[in-house]
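Geometric and topological summary
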Amino acid sequence: MENQRQTITPSLTVKNSEAAIAFYQKAFGARVDGEIMRGPNGGVMHAELIIGDMKIFLNDEFPEMGARSPEHYGGTPVNLQLRVADVDKTFETAVASGAKSRMEPNDAFWGDRYAFVQDPFGHGWGFSAPNEKLTPEQIKERAERLFAKQPAHK
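Read on for an overview of the structure. (Residues numbered from 1 in each chain as written. Predicted model: local features only at pLDDT ≥ 70, side-chain atom pairs only at ≥ 80, totals over all residues. Heavy atoms only, no water.)

1. Digging into the pattern of salt bridges
Inspection of the entire model under this criterion finds nine salt bridges. A salt bridge links Arg 113 to Asp 88; its shortest N-O distance comes to 2.8 Å. Of this pair, Arg 113 sits in strand β8 (residues 112–118) while Asp 88 sits in helix α3 (residues 87–96), placing them 25 residues apart in sequence. With a relative accessible area of 21%, Arg 113 lands in the partly exposed category. Owing to a relative accessible area of 26%, Asp 88 belongs among the partly exposed residues under this scheme. In this structure, the salt-bridge partner of Arg 113 is Asp 107, at a minimum N-O distance of 3.1 Å. Each of Asp 33, Glu 48 and Lys 55 takes part in one network of salt bridges that share partners. (Salt bridge = Lys/Arg side-chain N within 4 Å of Asp/Glu carboxyl O. Helix = DSSP H or I, 4+ residues; strand = E, 2+ residues; numbered from the N terminus. Buried < 20%, exposed > 50% of the residue type's maximum accessible area, 1.4 Å probe, protein only.)

2. Focus: the pairing of strand β9 (residues 124–130)
Counting buried positions along β9 gives six out of seven residues, so the element sits mostly inside the fold. Bridge count for strand β6 (residues 79–83) against β9 is five bridges, and the pairing is parallel. Among the inter-strand pairings, Leu 80 is bridged to a residue of β9, identified as Trp 125. Inspection of the sheet shows β8 paired to β9 by seven bridges, in the antiparallel sense. If you follow Tyr 114 over to β9, its bridge partner there is Ser 128. Between β8 and the antiparallel strand that follows it, β9, lie five residues; Gly 122 among them carries a positive phi value of about 100 degrees. (Pairing = 2+ DSSP bridges.)

3. Considering the side chain of Glu 48
Among the structural elements, Glu 48 can be located in strand β4 (residues 44–51). A polar contact is formed between the side chain of Glu 48 and the side chain of His 46, at a distance of 2.9 Å. (Polar contact = N/O pair within 3.5 Å; in protein donor to acceptor, adjacent residues only side chain to side chain.)

In C-alpha cells form, the structure reads like this:
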C-alpha cells in the first residue's frame, strides 16, 4: 500500500490527531504510513494511516483553512465502512477503546453480520462481514418485512 494511491482516499479531520491515531491503532489495528507532517503550531497537518488494505488521511482542525471536525458541526453525515473478519470482535475492541455503540452486532437483512460505532472524534464506522449469500429478491423481501415493522420516516 505504501506509495500507492487508491481512487478515493477518505480524509478525516479531528480535534486531536495524536489521540485519534492512538485510538485507530488500538481499535482497528491502524498503522502510520510515512512521516507525520506538522503545521507551524505543532498540530498534525497530514498523517496517513493504513487500516486493513485501505489508506486514510488524518489532520487536526485548521479553521483558517476550513478544516473542521465533526464536533464543530455536531456530527457528520459521512461514515466509513470496514469489511472485517469478525464483526463482533471488531465492535467489542472499538467500544473497549472508547467508541460509542450505535448499533450492536446483528445479522442484517442483506446477509452480512453488521455493527456500527461512533469514534471519540465524531466519525461513524460500520463493520461488516459476509454471513450468508442472498439473491436480490431475498434481500428485498427481508427489507420489506423489516421496514413494515418500523414507524415510517417523514
